[in-house]
Amino acid sequence: MAQSNRSIEVGTGLFVLLGFASLGFLTTQLPGSGLQLTRTADSYAVVAKFDNIGSLKVGAPVEMSGVRVGSVTAINYDASVYKAAVNMAIDRKYDKIPDDSDAAIQTSGLLGANYIAVGPGGSDTYLKAGSEMTFTQSAIVLENLINKLFSSVASGGNKDSDSGSKDSGSKDSGSKDEGSKDSGKPSGGKSSK
Amino acid sequence: MKIHSAAVTINRRSLALGALAKVGSVALFFFRIVGQSVPALGRPALVVKQIYNAGARSLVVIMLSGLFVGGVLGILGDDLLQRFGSESALGVVAALGLTKELGPVLTALLFAGRAGTALCSEIGLMKATDQLAAMEMMAVDPIRHVVAPRFLGGLIAMPLLAAIFNCIGIYGAQLVGISMMGIQPGTFWSQTQDAVGIRDVNEGLIKSVVFGAACSLLAVYEGYHAEPTAEGVGLATTRTVVTSAVLVLLLDYILTAFFL
């Protein structure tokens, strides 16, 4: 053989080392939340119940003032109160969160992923393991917004405070009124002048 | 007309039978190799030399290709993402594209071209110069001493080569993106880390192992069953590359669908 055994072994050893170093980089440095964040020993569990979680996923971050303080560990449906129960793991070093803080589901960026934003309350007692955040705000569902927009446009172009209050009060009476006004008038919707 | 159509039918049938026979032959050969793999590992010096041949000698081509593929991903990704206003997702495009698809597939194709042809022509030449027959006469199993170490060498080298390709590719993408296109390094890496999961890296790893087995198997098979002439070895070598390429792409489709 042209090359000695020794140089072959060294060459192979270097190659295998390089390969494993690349594998190590790919598995530890590249994935973000894969091998890093809060192990259960460093965090305490908190639950919050929402009407609608939107597209919140397990593993989504929990942030206060934009800083990540924990993550979502489980999402279940609570059939007793007909809400979604979201379990979160908060880092133990953030142990002074008032127990009347509110949890809101927000979107990072315009089309980004959902995360939970916690806004501090003013209570003197703090959240601890197993406590529940009572003040919650559900995710904004685009379809509901569009529905509201359409119904407010269809019920008359003028933003009338009367029709507005009628709408918020009881939807049925509001739409019946506009319906009777609209009949026969092509440009219906000019409500009380 | 009747005679002509009969000849065509017989031709097609024998072609189909021929293909079926080849698939069966490759599978049987694979089981023979697997049976001899454990004894072959008992002589680690042989396997180490084959890892060197298949892996360390392919390093230059893999690293250069990885750098250029990463650079292309950087340029192309930046151009496409600018149309949607999300240039900061360049790292995501490059990292996910490389670890899940391009890394294993391109490495396998380059491996088939460089190491596969070397394996095939080595064994083919040994057959043509009657070395394999001489080994059999000395009661030395050529599968155990010649074929299995080369198969194992290729199998072990492929995932490592794919990992190196991926790393250098991502480096190339960030070189283009950060130095030339002006993306912030912090944005690049944090977006990448957010988007890439350990599952994606695992999928790429499994793919590269499967592709390595396929390429190495085809290379040693074609070499072992080549016509013992100069022309025969040449034909076997080209058959290796062509069949490896098609098989790798087919397996890629199956595995991608399986992982989804």
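Up top is the structure these notes are about.
Undergrad: Sorry if this is basic, but what is going on with the overall build of chain A here?
TA: Scanning chain A for helices and strands turns up four helices and eight strands. Order of helices (α) and strands (β) in chain A, N terminus to C terminus: α-β-β-β-β-β-β-β-β-α-α-α. Scored against the burial criterion, the 193 residues of chain A give a buried share of 30%. Sequence-distant contacts, at least 24 apart, represent 59% of the contacts inside chain A between residues at least 6 apart. If you sum the accessible surface of chain A, you get close to 12,300 Å²; carbon and sulfur atoms cover 57% of it.

Undergrad: I tried to follow the pairing of strand β5 (residues 102-107) of chain A on my own but got confused; where do I start?
TA: Each regular strand carries side chains that alternate between the two faces of the sheet. Residues and elements named next belong to chain A. Of the pairings in the sheet, the one linking β5 to strand β6 (residues 114-119) comprises six bridges and is antiparallel in character. Counted as the bridge partner of A104 is A117 from β6. Strand direction decides the pairing type here: β5 and strand β8 (residues 135-137), joined by three bridges, are parallel. Of the residues in β8, the one forming a bridge with D102 is F135.

Undergrad: I tried to follow the pattern of salt bridges on my own but got confused; where do I start?
TA: Opposite charge on two side chains permits them to pair, given that their charged atoms come into close proximity. Residues and elements named next belong to chain B. Evaluated as defined, the whole model comprises 11 salt bridges over all chains. As a salt-bridge pair, K22 and E222 come within 2.7 Å of each other at their nearest N and O atoms. You can see K22 sitting in helix α1 (residues 2-41) and its partner E222 sitting in helix α8 (residues 198-224), a full 200 residues away along the chain. Overall, the relative accessible area of 2% leaves E222 in the buried class. Three or more residues are tied together by salt bridges with common partners; here these are K100, R199, D200 and E203.

Undergrad: For this particular structure, what's the right way to read the interface of chain A and chain B?
TA: In many analyses, interface size is given as the accessible surface area lost on bringing the parts together. Of the residues lining the interface, 21 residues belong to chain A; the matching set on chain B comes to 28 residues. Contact with chain B buries area across many residues of chain A, yet A:F15, A:L26 and A:L30 alone supply 32% of it, more than any other trio. For the pair chain A and chain B, the interface holds zero salt bridges. Our count for the chain A to chain B interface comes out at one residue pair in polar contact (both at pLDDT 80 or more). Of the residues in the side of chain A that touches chain B, the class split is 11 nonpolar, nine polar and one charged.

Undergrad: Any chance you could explain a nonpolar patch on the surface here in plain terms?
TA: All names here are of chain A. On the surface, a nonpolar cluster with roughly 540 Å² of combined accessible area is contributed by I140, L142, L145, I146 and F150. Structurally, L142 can be placed in helix α2 (residues 142-154). Residue classification places L142 among the exposed residues on the basis of a relative accessible area of 57%.

Undergrad: Honestly, the sheet that holds strand β2 (residues 61-64) of chain A in this entry has me stumped. Any pointers?
TA: The pairing of strands in a sheet comes from backbone hydrogen bonds and takes either a parallel or an antiparallel form. An order of β7-β1-β4-β3-β2-β6-β5-β8 (chain A) is seen for the eight strands of this open sheet, with the pairing classed as mixed. The outermost strands of the open sheet, each flanked by one partner alone, are β7 (132-133) and β8 of chain A.

Parameters at a glance
- Residues numbered from 1 in each chain as written.
- Chains lettered and ligands numbered in written order.
- Predicted model: local features only at pLDDT ≥ 70, side-chain atom pairs only at ≥ 80, totals over all residues.
- Heavy atoms only, no water.
- Helix = DSSP H or I, 4+ residues; strand = E, 2+ residues; numbered from the N terminus.
- Buried < 20%, exposed > 50% of the residue type's maximum accessible area, 1.4 Å probe, protein only.
- Contact = heavy atoms within 4.5 Å.
- Areas by Shrake-Rupley, 256 points an atom, 1.4 Å probe, with all protein chains shown as cover.
- Pairing = 2+ DSSP bridges.
- Salt bridge = Lys/Arg side-chain N within 4 Å of Asp/Glu carboxyl O.
- Buried area = accessible area lost by both parts, 1.4 Å probe.
- Polar contact = N/O pair within 3.5 Å; in protein donor to acceptor, adjacent residues only side chain to side chain.
- Nonpolar A, V, L, I, M, F, W, Y, C, P; charged D, E, K, R; others polar.
- Patch = residues over 30% accessible without salt bridge, like charges linked within 9 Å, V, L, I, M, F, W, Y side chains within 5 Å.

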